[in-house]
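Residues per chain, in single letters:
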Amino acid sequence: ILNVEQSPQSLHVQEGDSTNFTCSFPSSNFYALHWYRWETAKSPEALFVMTLNGDEKKKGRISATLNTKEGYSYLYIKGSQPEDSATYLCASFGAGSYQLTFGKGTKLSVIP
Amino acid sequence: GAGVSQTPSNKVTEKGKYVELRCDPISGHTALYWYRQSLGQGPEFLIYFQGTGAADDSGLPNDRFFAVRPEGSVSTLKIQRTERGDSAMYLCASSASGRTGELFFGEGSRLTVL
């Protein structure tokens, strides 16, 4: 079982601020890294799936980077809006495994 | 709708009772996952199906938990002799394309064992 860690556990930012979170995972036997957004009373929704070292992906104001050699991924939100308030989960597949292991998430609250 | 559907959305039961939770994945998705999420924790892997077979059931906590997917579509998670510690959100997800494809989650079944 992989150990996927996320920091910070929670975060409060003002509307308009930019922010970022960290996900760390074992760099050995890495296969894929997923990011999900989970809003209260909804289902988790995929943001990005990344597999290659140096991958950078962007969706609107949200972007992510991947470093498989050192075992971390960053998620960036530019100009945070109240609708960005959610828990952001990262998850990793190890090579040869179909267990997608999740971190505990970063809970983001954007204050209007 | 075309998303993953889970029923019931909420289930309250008494300790010792039997519970079934149902997941209806997106049509055509061969991969199906069950996860359990407790307060303050990330989703915890329970079982993975590829088609009709359980390809990895190593996350099932004990023999009170069992899951089936007889026709490669709908899956049922079965919990016998429920305990208070089984109280959690049970999430189902399906995927079309293995480990590099995104998972599509249902809204979950909230189980409360009194």
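To start, this report covers the structure provided alongside it.

Analysis parameters
Residues numbered from 1 in each chain as written. Chains lettered and ligands numbered in written order. Predicted model: local features only at pLDDT ≥ 70, side-chain atom pairs only at ≥ 80, totals over all residues. Heavy atoms only, no water. Disulfide = S-S within 2.5 Å. Helix = DSSP H or I, 4+ residues; strand = E, 2+ residues; numbered from the N terminus. Buried < 20%, exposed > 50% of the residue type's maximum accessible area, 1.4 Å probe, protein only. Pairing = 2+ DSSP bridges. Axes fitted to C-alpha atoms, helices over the stretch in contact; angles between N-to-C directions. Core = buried A, V, L, I, M, F, W, Y, C linked by side-chain atoms within 4.5 Å. Contact = heavy atoms within 4.5 Å. Phe/Tyr/Trp six-rings, centres within 6.5 Å; stacked < 30°, edge-to-face > 60°. Buried area = accessible area lost by both parts, 1.4 Å probe. Salt bridge = Lys/Arg side-chain N within 4 Å of Asp/Glu carboxyl O. Polar contact = N/O pair within 3.5 Å; in protein donor to acceptor, adjacent residues only side chain to side chain.

## Overview of the state of the cysteines
All names here are of chain A.
So, step 1. In this structure the tally under the stated criterion is 2 disulfides over all chains.
So, step 2. Across the disulfide from C23 sits C90; the S-S distance is 1.9 Å. The disulfide joining C23 to C90 has a torsion of about 70° about its S-S bond and is therefore right-handed. Of this pair, C23 sits in strand β3 (residues 19-24) while C90 is found in strand β9 (residues 86-94), placing the two residues 67 residues apart along the sequence.
So, step 3. For C23, a relative accessible area of 0% translates into the label buried.

## Observations concerning the sheet that holds strand β1 (residues 5-7) of chain A
Residue and element names in this part refer to chain A.
So, step 1. Reading across from one edge, β1-β3-β8-β7-β6 is the order of the 5 strands in this open sheet, with antiparallel pairing throughout. Each edge of the open sheet is held by one strand with a lone partner, namely β1 and β6 (56-59). The mean angle between the axes of side-by-side strands here comes to 15°, regardless of whether they run parallel or antiparallel.
So, step 2. Relative to β3, β1 runs antiparallel, the two being bridged by 3 bridges. Following the sheet pairing, Q6 is matched in β3 by C23.

## Some remarks on the nonpolar core
So, step 1. Core analysis: the largest hydrophobic core is formed by 22 residues, its most contacted members being A:L33, A:W35, A:F48, A:L75, A:Y88 and A:L108.
So, step 2. Secondary structure elements with two or more residues in this core: β2 (10-14), β3, β4 (30-38), β5 (45-50), β7 (62-67), β8 (72-77), β9 and β11 (106-111) of chain A.
So, step 3. In contact with A:L33, other than residues within four places in its own chain, are A:C23, A:F25, A:F48, A:V49, A:M50, A:L66, A:S73, A:A91 and A:S92.
So, step 4. Within the second largest apolar cluster, 20 residues are counted, among which are B:C23, B:W34, B:I47 and B:C92.

## Overview of the sheet that holds strand β1 (residues 5-7) of chain B
Residue and element names in this part refer to chain B.
So, step 1. Pairing within the open sheet is antiparallel, and its 4 strands lie in the order β1-β3-β8-β7. Every interior strand has two partners, whereas the edge strands, β1 and β7 (65-68), have only one. Direction aside, the axes of adjacent strands within the sheet are offset by 15° on average.
So, step 2. As judged from the 5 bridges shared by strand β3 (residues 19-24) and strand β8 (residues 75-79), these two strands associate in the antiparallel manner. Bridging across to β8, R22 finds its partner in T76.

## Points about the packing of aromatic side chains
So, step 1. The final tally for this structure, using the stated rule, is 13 aromatic pairs over all chains.
So, step 2. Ring centres of A:Y36 and A:F102 lie 5.8 Å apart, and the angle between their planes is 50°; on these two criteria the pair is classed as tilted. Residue A:Y36 is located in strand β4, and its partner A:F102 is located in strand β10 (residues 100-102); the two are separated by 66 residues in the primary sequence. Each of the two residues, A:Y36 as well as A:F102, counts as buried.
So, step 3. Taken together, the aromatic side chains of A:Y36, A:Y98, A:F102, B:Y33, B:Y35, B:F45, B:Y48 and B:F105 make up a single cluster linked through ring pairs.

## Brief notes about the interface of chain B and chain A
So, step 1. With 20 residues of chain B at the contact, the number on the chain A side is 23 residues.
So, step 2. Contact between chain B and chain A buries roughly 1900 Å² in total, counting both sides, with carbon and sulfur atoms accounting for 63%.
So, step 3. Counting across the chain B and chain A interface gives 0 salt bridges.
So, step 4. Counting across the interface, chain B meets chain A through 5 residue pairs in polar contact (both at pLDDT 80 or more).
So, step 5. Looking at the side of chain B that touches chain A, the elements that each hand over two or more residues are β4 (31-37) and β5 (44-50) of chain B.
So, step 6. The element best represented in the side of chain B that touches chain A is β4(B), accounting for 3 residues.

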